[in-house]
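Chain by chain, the residues:
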Amino acid sequence: MPPAQPIDLDYRPSYLAAALTSLAVFILYAVTLAPTTAMWDTSEYIASAFVLGNPHPPGNPLFVLLGRVFAVMPLPLSVAVKINLLAAVTSALSAGFWFLITERVLVGWLTARWQRITGGALAALIGATAFTVWNQSVVNEKVYTVSLLGLAAISWLTVRWSDDPDGPAADRLLVLIAYLLGLGYANHMMGFLAAPAVAVAVLVRRPQTILRWRLLLICAAAVFVGVTVFAFQPIRAAHFPAINEGEPTGCRMAFDWACTLSKETWDAFMYNFNRGQYGKPSVFERQAPFTGQLGMYWLYFKWQWVRDSAAQMSVLQNMLAALYMLLGLFGGWVHWKRDRRSFWYFGTFMFTLTLLLIFYLNFKYGHSQCMIDSANAPCEVRDRDYFFLISFSAWGVWAALGFIFVWEAVAELLGSESVRLGKTTLTLPTRRSWLLASPVLLVAFIPIVVNWTDASRAGQTLTRDFAHDMLNSVEPYGVLVTVGDNDTFPLWYAQEVEGIRKDVVVANTSLLNTDWYVRQLIRRPVYEYDAAAGPAIYRGREWSKPDGSPLRLTLDEADRIPELVRLTEPRLFRKETPDGTIQAMIPEGYLERADQALLLMIRDSYPQRPIYISRTAGSYGDQRLGLTSHLLAQGLARKLVSAVPREGRDTLFLPRDGWIDVRRSLALWDSVFLGPAALAREGKWVDNASVGIPLLYVTTAAALAQAQQIRGEDEAAQRLIERARELAAATGN
């Protein structure tokens, strides 16, 4: 045994190694990056950033400004790709901060820098390839990767402050942390999640700080300066951008500083800021038992290491989830034992990101959770795993510490040597034994392999193609009624970012129940129909450009539309047109503002404007408004027609689908639609909550096959049946 050699602790951060790690993570994300938009909020956020608009409350102004910067960067890439790169860049930089934190924790534990760098790289790898982190980092579906970067940066700065709370830079670090907290809040409330952990770190490491009122005032001012980004919202809202959700302004028709600074603007801004339109209950009014909410988190935690839930993968999924949970918990214990100075912050931070956040969010049962064992309980409309993205990413730090402990234990069995640490002589594994034990770290690479197919969005274009197909199912200058996020936001993206069919007015029934959205429809310009860019089926005919909004109301009249109108008995709606009379027997019950707005559009602008109801709306036009006999399916939408259709070769009534314009629908399917080919290329649909969009193509192909069989076109019908089966397989049905 060679004589023990004294060594000193090396606290210098390996910034170059961290930067290279971030670069490697970015390359992974760039390779698997989405080429365009995707489901849920992606389209809304990309379009909002492009037009400098206000997305849904609370509005995320910091993201909008950052997204706009990325959108106009002089790169030979599409707007969608550039904004998706924002997610990739911010998430990759976050991995670098987790690297630095892990390396710092290992300083008093591992003597060799290369070992600590290995630990940092493991933390970055584990956090970056967790399914939700990876899947959200390759498309800008949410604003949470920006929050992730802010929180990771705050975590690193707080760990540095905890090392030397009396040092010359300590106060400046606290002021910077306070500013980043305020700035993060201007991106999303999640950006403030580090605040409790920062407070604990300060109270434990230097409690007298709370008595320094000047420093506290400066920190409060720094938070305020960060939050002032929210001033963007009412200022921009008063210019009425194309996307202006919540309309946080008191201005009615044009920007004016007087109205921007008015009480009306303040009230509108605060209502939007506090997410008033959602009416979420108090955290003490539980929407599901806390045990059920913990079960939801556990389900999402299992997804991180193997997202595929197929039967052959379920055993591996459970095994890896248990392993990573144990490694993380054990890593947290090791963190406490080895480096308590940084643990006070990071331990509190992890508690906030998990148990405290689960309690605060107060979700109903998760969408996938309901499909498994809670079918009769109130359920979320989609899986909310993205809310825990920060915890899954940061879990990589503790999981890496657990891996290092196991690595060291195996290495000790393979050979040790004496090392002098200060006045203490320790027996540690030799360099050779560390290297021989390194295969145990290969387990950390399993998620990057098994999650690749599900997390990657490379080549996925279905959402954009669906928007193209839906808009082109509508005749020029038409009104298209939609009902949800996934049949509305992609249309906004297609119109505002790619300029596809801006002549179509998209009217979402959920938003029509608000007063601000009705006003926006009235203000919306009438865009020229571009016949050359439109489908060939609409050429060879003159389409008259309307002279105004489909709602012929003043803003004051729009504001007076009641939220609910009670019908004590069925009511007949009647509209005379040159081609016939629309007669709809509206059932007794309640008419919401959206229902009234649609009836007013029919009254004011039909038949000058064609009116369509998206087939994603299900029976909305049938049951709520009694329009069943006046709806004719054309492609992905159903057109309102004056006269009740008559059956013939090109117009058929199908028991499950109602009236269908076979000729128009076949023309759209054969020569216009891009979605079927895109869905076949993707080959797999991970998100069951949005599967209704791809299934729309399956039902369309099946309906057309049935129509072709009725027409005696058996060969064409068989081709459509085979296509429907292929597309159904791609959706997992």
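The structure displayed is predicted, hence computed values, not measured ones.

Peer 1: Before we go on, may I ask you to explain the environment of Trp257 in this structure?
Peer 2: With respect to the element layout, Trp257 can be found in helix H12 (residues 257–260). In the structure, Trp257 is positioned 304 residues away from Ile561 in sequence and 28 Å away in space, judged by C-alpha atoms.

Peer 1: Which parts of the structure should I look at to understand empty space enclosed by the protein?
Peer 2: Rolling a probe over the atoms, with the probe sized like a water molecule, indicates the empty space that remains. Tallied over the full model, the rule gives two cavities of 30 Å³ or more. Taken together, Asp10, Tyr11, Arg12, Pro13, Leu100, Glu103, Arg104, Val107, Arg116, Trp156 and Arg160 form the lining of the largest cavity. Mapped by element, the contributors of at least two residues to the lining of the largest cavity are helix H4 (79–105) and helix H7 (144–163). Looking at which element gives the most residues to the lining of the largest cavity, the answer is H4, with three residues. A per-class count over the lining of the largest cavity returns five nonpolar, no polar and six charged.

Peer 1: Would you take a moment to explain the pattern of salt bridges for this structure?
Peer 2: Pairs can form between side chains of opposite charge whenever their charged atoms are close. Per the stated rule, a full pass over the model turns up 33 salt bridges. Here Arg341 and Asp163 are joined by a salt bridge, their closest N and O atoms 3.6 Å apart. Placement of Arg341 in helix H16 (residues 340–361) and of Asp163 in helix H7 is noted, with a sequence separation of 178 residues between them. With relative accessibility at 18%, the residue Asp163 sits in the buried group. Its salt-bridge partner being Lys502, residue Glu496 comes within 3.6 Å of it at the nearest N-O pair. One continuous salt-bridge network, built from bridges that share partners, spans Glu247, Arg252, Asp515, Arg519, Arg523, Asp556 and Asp559.

Peer 1: Would you explain the sheet that holds strand S4 (residues 479–482) in this entry?
Peer 2: Within a sheet, adjacent strands bond to each other through the backbone by hydrogen bonds, running parallel or antiparallel. Reading across the sheet, the seven strands line up as S5-S4-S10-S12-S11-S14-S13 and stay open at both edges, with mixed pairing between neighbours. Edge strands, defined here as strands with exactly one partner in the open sheet, are strand S5 (505–508) and strand S13 (651–654). Direction aside, the axes of adjacent strands within the sheet are offset by 35° on average. In terms of strand pairing, S4 meets strand S10 (residues 611–614) through three bridges, oriented parallel. Counterpart to Val481 in the pairing with S10 is Ile613. Across the sheet, helix H31 (residues 692–710) is in contact with S13 and strand S14 (658–661); its angle to S13 comes to roughly 115°.

Peer 1: Is there a simple way to think about the state of the cysteines in this case?
Peer 2: Cysteine pairs can be linked by a disulfide, which is a covalent bond between their two sulfur atoms. Using the criterion set out here, one finds two disulfides in the structure. Disulfide pairing is shown between Cys370 and Cys379; the S-S distance is 1.7 Å. The sign of the -100° torsion about the S-S bond sets the Cys370-Cys379 disulfide as left-handed. Classification of Cys379 by relative accessible area gives partly exposed; the value is 26%. By sequence-ordered numbering of the bonded cysteines, the protein has its disulfides arranged as 1-2, 3-4.

Peer 1: What am I meant to see in a nonpolar patch on the surface here?
Peer 2: A contiguous nonpolar surface patch, about 640 Å² in accessible area, is contributed by Phe284, Phe290, Leu294, Phe351, Leu355, Leu356 and Phe359. Contributions of two or more residues to the nonpolar patch are made by helix H14 (290–305) and H16. If you tally residues by element for the nonpolar patch, the top one is H16, at four residues. Counting through the fold element by element, Phe359 comes out in helix H16. By relative accessible area, Phe359 is classed as partly exposed at 31%.

Rules used throughout
- Residues numbered from 1 in each chain as written.
- Predicted model: local features only at pLDDT ≥ 70, side-chain atom pairs only at ≥ 80, totals over all residues.
- Heavy atoms only, no water.
- Helix = DSSP H or I, 4+ residues; strand = E, 2+ residues; numbered from the N terminus.
- 1 Å grid on protein atoms, 1.4 Å probe; cavity = no way out; pocket = protein on both sides within 12 Å on 5 of 7 lines; lining within 4 Å.
- Points joined across faces, edges and corners; volume = space filled by probe spheres on them.
- Nonpolar A, V, L, I, M, F, W, Y, C, P; charged D, E, K, R; others polar.
- Salt bridge = Lys/Arg side-chain N within 4 Å of Asp/Glu carboxyl O.
- Buried < 20%, exposed > 50% of the residue type's maximum accessible area, 1.4 Å probe, protein only.
- Pairing = 2+ DSSP bridges.
- Axes fitted to C-alpha atoms, helices over the stretch in contact; angles between N-to-C directions.
- Contact = heavy atoms within 4.5 Å.
- Disulfide = S-S within 2.5 Å.
- Patch = residues over 30% accessible without salt bridge, like charges linked within 9 Å, V, L, I, M, F, W, Y side chains within 5 Å.
- Areas by Shrake-Rupley, 256 points an atom, 1.4 Å probe, with all protein chains shown as cover.

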